[in-house]
Structure formats: C-alpha cells, structure tokens
4 protein chains.
Amino acid sequence: MKFEHEQRLRVRYAETDQMGVVYYANYLTWFEVGRVEYCRAIGVLYDEMEKAAKCFLAVVEANCRYHEPLTYDTEFVIRTRLTHFKGVFLAFDYRLLNLDGSGPLAVGWTKHIVVGQNGKPKKIPHPYAGLLKSGTPAFGSEVEQV
Amino acid sequence: MKFEHEQRLRVRYAETDQMGVVYYANYLTWFEVGRVEYCRAIGVLYDEMEKAAKCFLAVVEANCRYHEPLTYDTEFVIRTRLTHFKGVFLAFDYRLLNLDGSGPLAVGWTKHIVVGQNGKPKKIPHPYAGLLKSGTPAFGSEVEQV
Amino acid sequence: MKFEHEQRLRVRYAETDQMGVVYYANYLTWFEVGRVEYCRAIGVLYDEMEKAAKCFLAVVEANCRYHEPLTYDTEFVIRTRLTHFKGVFLAFDYRLLNLDGSGPLAVGWTKHIVVGQNGKPKKIPHPYAGLLKSGTPAFGSEVEQV
Amino acid sequence: MKFEHEQRLRVRYAETDQMGVVYYANYLTWFEVGRVEYCRAIGVLYDEMEKAAKCFLAVVEANCRYHEPLTYDTEFVIRTRLTHFKGVFLAFDYRLLNLDGSGPLAVGWTKHIVVGQNGKPKKIPHPYAGLLKSGTPAFGSEVEQV
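Residues numbered from 1 in each chain as written. Chains lettered and ligands numbered in written order. Predicted model: local features only at pLDDT ≥ 70, side-chain atom pairs only at ≥ 80, totals over all residues.

*Asks:* Explain the overall build of chain A to me, please; I cannot follow it from the model alone.
*Replies:* Within chain A, the secondary structure is distributed over 3 helices and 5 strands. Starting at the N terminus, the α and β elements of chain A follow one another as β-α-α-β-β-β-β-α. In terms of overall size, chain A behaves like a compact globule, its C-alpha atoms giving a radius of gyration of 16 Å where 146 residues would be expected to give roughly 15 Å. Seen through its principal axes, chain A has C-alpha atoms that stretch 45 × 35 × 20 Å. Buried positions account for 42% of the 146 residues belonging to chain A. Within chain A, counting contacts between residues at least 6 apart in sequence, those at least 24 apart form 67% of the total. (Helix = DSSP H or I, 4+ residues; strand = E, 2+ residues; numbered from the N terminus. Rg over C-alpha atoms; globule rule 2.2 N^0.38 Å. Buried ≥ 20, exposed ≤ 12 C-beta atoms within 10 Å, placed from the backbone. Contact = placed C-beta atoms within 7 Å.)

Below, the structure written as structure tokens:
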C-alpha cells in the first residue's frame, strides 16, 4: 500500500465561488477523481468493478483540511494513496500539491465500505481485491513509486 | 397546459463563481427543480413515475437566455409551464423572476423524450399522462392559475 | 452557543449520482446552506457581512460522516449549531435528520477562520461578533431553542 | 475563425445522476472548459484577460442538444470554435465527440457579451482582441487546423 498515484488537474471556472477561490465542496470531487485514477493505475477499473462485480465504494466518512486557497485555472496535482484495505473497509488519503511538488494546498482522506447493489456490505472479489492489496501499478510509466 | 407553477428558490454560495454572480450552468439545475415541482403540483411525483412506471424524462435540448445576473443569497421565483406534450415528447419553459414579479432574470426551455430503462422511447402510462395533459393543479393553494 | 437552527431541504436530481443516492460532496454544500441560515436566524446576514464588513468565513477543515444514504426527492432537515467562536476562529456542526427527527442521516462539522479581502485573519466587527456570540435567534418563530 | 480546438475530457462520477448518465447541466461546464482551452490555444489566457484587462465574458445565451447519453468514465472530445466576434459580442460552438471522432454526442453554442467589472459592455483591448480575431493557434502542435 505504498504506491502513490499522481493526477494532474486544472481548476475550472465552475469550481470557483464569489470569494474568488475554489468552493470547498469541490475538493471532494477531486478526491473522487484521484481515487478512480489510483485504481486505474493499479489495474482496477472502478466502472467495471461496479458493473461486473456489482461492488460499490460507499463513502462512510470524508475529511479535508484546506491549507492554501486554489484559484481559477491553476494546475495542481492530487496524490492519492490507499491507506487501508481489510475486509469490506478501505481508506484513501489525498494530498493536493503545486506542480513543482510544493504544498500541500490541501490534505484529506475518505473511508469506504464496499457494498453490493442491495446496499449490504460485500467483499470485493478476485481479481480486484488482489490488485488493490498488492497496489502494484499496472502502468509503471504513468505513476510514481514511493 | 395553461397552468403555471411558481417555485421560490434562494441562490446558494456554491452556485456563484468568481465573477460574483451565479455560474451559468446552475440555471439548468433550477429548471429541473421547477420542472419537478410543476409535476408535483399537478399530482405527478417524478420520482414515483421513474420507479413505478419506469419512465424517464431524458433531456433532448436545453436553452437559457440570461437577462440579469443573479447574486448570492437572492431569492427568486422560477415559473414553469408545460408547453408541449404529445406522444413521447414534452417541452417545458421557465421564467426566473424577482419576488415582486419583475424580470425576467432569465428565460429558458427544455425539450424531453420519455424513455424506458432501456433508453428507448416509451409512452407515459395512466394516470401520469392524464395528469400531465390536464395540467390541473392537485393542490390549488400552492400554485397560481393563469 | 446552545441555539440550533433547522433548515428543511429537498434532494435535487442534480445531487444524485449513478449509485442512485446523493453524491458525497453535496453534503458540504448543504452544510453551507445550514450555516448561512443559522446566521440569518440569529440576525447575521452572511452576504452583508461579506460586503459591509469585508469578513469572509474561509473553511479550514470540513468533515462528514455518512450514516444512511439520501435518495432523490427526499425531504430532510439540517440542524446547525455554532460550536466555537473565539478570536478569528469559528466552528459549526451539522446533523441531517429525517423530517420526523429520526436519524442522523449524516453528521459533520466545519472549522473556519475569518479573513479579510487580502486573505489575512480579521476579527469580525460589531454587531456581527456580538450576534454570533449571543446566538440568540432573531426570529424566534422560525427556529428551535434547545 | 476557422480554427477549432479539441479538448479531451473524462466523465467524473460527480457528473452522473441516478439515471446512470451525465446530468444535463454539466455539459455547460464542459463548454466552459472547451472555451477556455480554445482561448489558451490561440494565446489568450482567459484568467489573465479577466485580471489584466478587466474583461469578463458574460453569457447571454446557452444552448445544448443532447444526442447520445454520456456515461461514467467515458473519455470524449469537445471541439470548440469561435463562430462570431464583433464589437462586444462573441459566440462559440461546441461538438462533443467520441475519441474516434464519431458522434456527435452533443452539440451546443454560447453567446457572450464582454463586460467590465461594472457589468457594462466593454471592448476587449489589444492584444486579446487581435488574437481572438485572427484565431491562429499559438501552439500549433496541440491543435487541429480545419
């Protein structure tokens, strides 16, 4: 679980508010993008896992600390790690950084429970579970091993 | 189809952008609220129509003209009418007004096709079709007959 | 700081995601609505405080625990309290409840620092500070004293 | 004005709704992304134009026709053109295509008026006006000349 994925994003106009910075709820949307791209990097297509394995990552808790405001059109990196995976529970953490690696602009985490279509807890089946456990990037060139 | 429904709304902080006014995409979200409340007023619960009759109002086209910018915390009214309903096609129009009836702040319309779960066109069954056709408000006191 | 404000809201279609429940970031938008309506109830117009006093409530940290999923068109209540106010720091907490008071559907909190237009910490001036400190509802009938 | 810019995007989970497809208002957010990247490609940084020249592209009207639903995690292209620029008026149009160029998934347009900070019409100054008029991509390799 030492693997980290870095996803580059750019602030959209829609994501700003009248304070001239990014509205605070939008960070959670970026966390989702980071989470999904983390999974893709280790070979787990989240969309496929929902459709083929009928497994959904319901969010149990989310947290974000806002260090520096982000402004329109700024490019930044979201660095995502899987910090916990046992049974039906997973946790990710996220660091938002400037492109030069300085920051953090924000840090956060999310806790999840895997559920089936009926909303009941459900174990992630093979091969998804194994890929998440090993955390080996499927495409080494796109990601950064720490 | 002469019935109009008026829904009162207030601009959320999340809906503003760094220009200090409401971001333009959010008007379409308000149109949806107007549409749903219009349906409720004539006795059609949109949620129930989706679940019980498996009918979904897919949007075919949407249009909005922005007359005056809306600012944070402003209360306004969205006036919704069903302007067309024939076969599987419906159209609504919307007028955003100040609370005193002045305006419009914006006007728009949406065109819809009714589809089933498979995405294919589907006729709205009884009693929904009849209620939409008659356009009689189910709760006279909450709405305004024009 | 024992005063609580209850704001009734209804889930919008735009707020759902393909899992069929409310997307998790939208709870933070509702927290903002709860916060603003809390302030209004004790006589502080947030919009006016921004414009007249040039005081902005920057979010320092936000947290949400999701207990039960919320579905489209559901009406619920967000119960907001000011739990901390000292110097330039404030904190609110939030409970999302069913209309009958059962729940919670979700609980959360936000921590804020008051900043001026330059982004530097700034004390909230009179009369806003006094109103927030006393936490006396300005309009008793709309709110609930606990 | 024959230049077209292509921007690749991927559907976020946050952008879906309970119908299992992208919520219709989000297309307007993508149009904004297309518009901003079009401007960047011809050498106009929209953010800089707002800050340095105090010129804002207020939206006067927006339109979108939805041809095929877009689903979660789908990658697509938004092809943006400046179709009109005279005095204080501009118009863009947008085509959403599959990565292989098939489609369109949706087509739309937006009309804008350039305003200053006071909300009054304002001519775009040099060099932005010239760049927009010529529509020559600043970075030939990233864009496609039609």
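That shown, we press on.
*Asks:* Looking at this structure, how should I read unusual backbone geometry?
*Replies:* A negative phi angle characterises most non-glycine residues, just as the trans form characterises most peptide bonds. Cis geometry is adopted by the peptide bond preceding Pro127 of chain A, which originates at His126 of chain A and carries an omega value of 0 degrees. If you trace the backbone, Pro127 of chain A turns up in the loop between strand S5 (106-115) and helix H3 (128-134). The backbone phi angle of Lys54 of chain B is positive, close to 50 degrees, even though this residue is not glycine. Along the chain, Lys54 of chain B turns up in the loop between helix H2 (46-53) and strand S2 (56-66).

*Asks:* Help me out: how do you make sense of the relation of the copies chain A and chain B in this one?
*Replies:* Think of it as a corkscrew move, a rotation about one axis and a shift along it, taking one chain copy to the other. Superposing chain A onto chain B takes a rotation of 180 degrees combined with a translation of 0.0 Å along the rotation axis, leaving an RMSD of 0.0 Å. With respect to symmetry, the two chain copies, as superposed, fit the operation of a two-fold axis. Of the interface residues in chain A, 100% have counterparts in chain B that sit at the interface too, so the contact is made through matching surfaces. (Least-squares fit on C-alpha atoms with pLDDT ≥ 70 in both.)

*Asks:* Before we go on, may I ask you to explain the interface of chain A and chain B in this structure?
*Replies:* How big an interface is tends to be stated in terms of the accessible area lost upon association of its parts. On the chain B side, the residues contacting the 9 residues of chain A number 9 residues. In the side of chain A that touches chain B, the residues fall into 5 nonpolar, 3 polar and 1 charged. (Nonpolar A, V, L, I, M, F, W, Y, C, P; charged D, E, K, R; others polar.)

*Asks:* What is the right way to read the interface of chain A and chain C from this model?
*Replies:* The interface of chain A with chain C comprises 15 residues on the first partner and 15 residues on the second. Among the elements of the structure, helix H1 (26-41) and strand S2 (56-66) of chain A are those that each provide at least two residues to the side of chain A that touches chain C. It is S2 of chain A that provides the largest number of residues to the side of chain A that touches chain C, a total of 9 residues. Here the residues of the side of chain A that touches chain C sort into 10 nonpolar, 3 polar and 2 charged. Of the strand pairs in this sheet, S2 of chain A and strand S2 (residues 56-66) of chain C are connected by 5 bridges, and their pairing is antiparallel. (Pairing = 2+ DSSP bridges.)

*Asks:* I would appreciate a short explanation of the sheet that holds S2 of chain B in the present structure.
*Replies:* Working definition: the strands of a sheet are paired by backbone hydrogen bonds and lie parallel or antiparallel to each other. Taken in spatial order, the 10 strands line up as S1(B)-S3(B)-S4(B)-S5(B)-S2(B)-S2(D)-S5(D)-S4(D)-S3(D)-S1(D) in an open sheet, and their pairing is antiparallel. On the outer flanks of this sheet lie strand S1 (4-10) of chain B together with strand S1 (4-10) of chain D, each paired with one strand and no other. Here the average twist between neighbouring strands, direction ignored, is 25 degrees. Two strands pair when backbone bridges link them, and strand S3 (residues 75-86) of chain B and strand S4 (residues 89-98) of chain B are joined in this way by 10 bridges, in the antiparallel orientation. Within the sheet, the bridge partner assigned to Thr80 of chain B lies in S4 of chain B and is Tyr94 of chain B. (Axes fitted to C-alpha atoms, helices over the stretch in contact; angles between N-to-C directions.)

*Asks:* Please clarify how the environment of Arg40 of chain D should be interpreted in this entry.
*Replies:* All names here are of chain D. Locating Arg40 in the fold gives a position in helix H1 (residues 26-41). Among the residues examined, Arg40 registers 21 C-beta atoms within 10 Å and is labelled buried. The spacing of Arg40 and Ala58 is 18 residues in sequence and 18 Å in space, taken between C-alpha atoms.

*Asks:* Would you mind going over the pairing of strand S3 (residues 75-86) of chain D with me for this structure?
*Replies:* Side chains on a regular strand alternate between the two faces of the sheet. All names here are of chain D. Note that S1 and S3 share 7 bridges and pair antiparallel. By the bridge assignment, Arg10 is partnered in S3 with Glu75. In this antiparallel pair of consecutive strands, S3 and strand S4 (residues 89-98), the connection spans 2 residues, and Gly87 shows a positive phi of 60 degrees.

*Asks:* Would you take a moment to explain the environment of Glu4 of chain D for this structure?
*Replies:* Residue and element names in this part refer to chain D. Looking at the element boundaries, Glu4 is found in strand S1. On the neighbour-count criterion, Glu4 (19 C-beta atoms within 10 Å) is partly exposed. Sequence separation between Glu4 and Thr83 is 79 residues, and the spatial gap between their C-alpha atoms is 10.0 Å.

*Asks:* Got a minute to help me understand the sheet that holds S2 of chain A in this structure?
*Replies:* As summarised here, the arrangement of the 10 strands in space is S1(A)-S3(A)-S4(A)-S5(A)-S2(A)-S2(C)-S5(C)-S4(C)-S3(C)-S1(C), forming an open sheet in which the pairing is antiparallel. Strand pairing shows two members of the sheet lacking a second neighbour, strand S1 (4-10) of chain A together with strand S1 (4-10) of chain C, which therefore form its edges. For this sheet, the mean angle separating the axes of adjacent strands, direction not counted, is 25 degrees. Across 10 bridges, the pairing between S2 of chain A and S5 of chain A is antiparallel. When the bridges of S5 of chain A are listed, Arg65 of chain A appears paired with Val107 of chain A. Along the sheet, H1 of chain A contacts S1, S2, strand S3 (75-86), strand S4 (89-98) and S5 of chain A; its crossing angle with S1 of chain A, the most-contacted strand, is approximately 135 degrees.

*Asks:* How do you make sense of the nonpolar core when you look at a structure like this?
*Replies:* The tendency in soluble globular proteins is for nonpolar side chains to be buried side by side. Among the nonpolar cores identified, the biggest contains 172 residues, and Leu28 of chain A, Leu28 of chain B, Leu28 of chain C together with Leu28 of chain D are the most heavily contacted of them. Beyond its immediate sequence surroundings of up to four residues, Leu28 of chain C is in contact with Tyr24, Ala25 and Leu28 of chain A together with Ala62 and Cys64 of chain C. (Core = buried A, V, L, I, M, F, W, Y, C linked by C-beta atoms within 7 Å.)

*Asks:* Just checking my understanding: could you explain H1 of chain A for this structure?
*Replies:* For the α-helix, the turn length of 3.6 residues means that residues three or four positions removed from each other point alike. Residues and elements named next belong to chain A. The end-to-end C-alpha separation of H1 is 23 Å, in line with the 22 Å expected for 16 residues at 1.5 Å each. Taken across its 16 residues, H1 has 14 buried, putting it largely inside the fold. Two residues or fewer past H1, Gly43 is found with a positive phi of approximately 95 degrees. (Expected span 1.5 Å × (residues − 1).)

Read these as layout, nothing more, since geometry by itself doesn't imply function.
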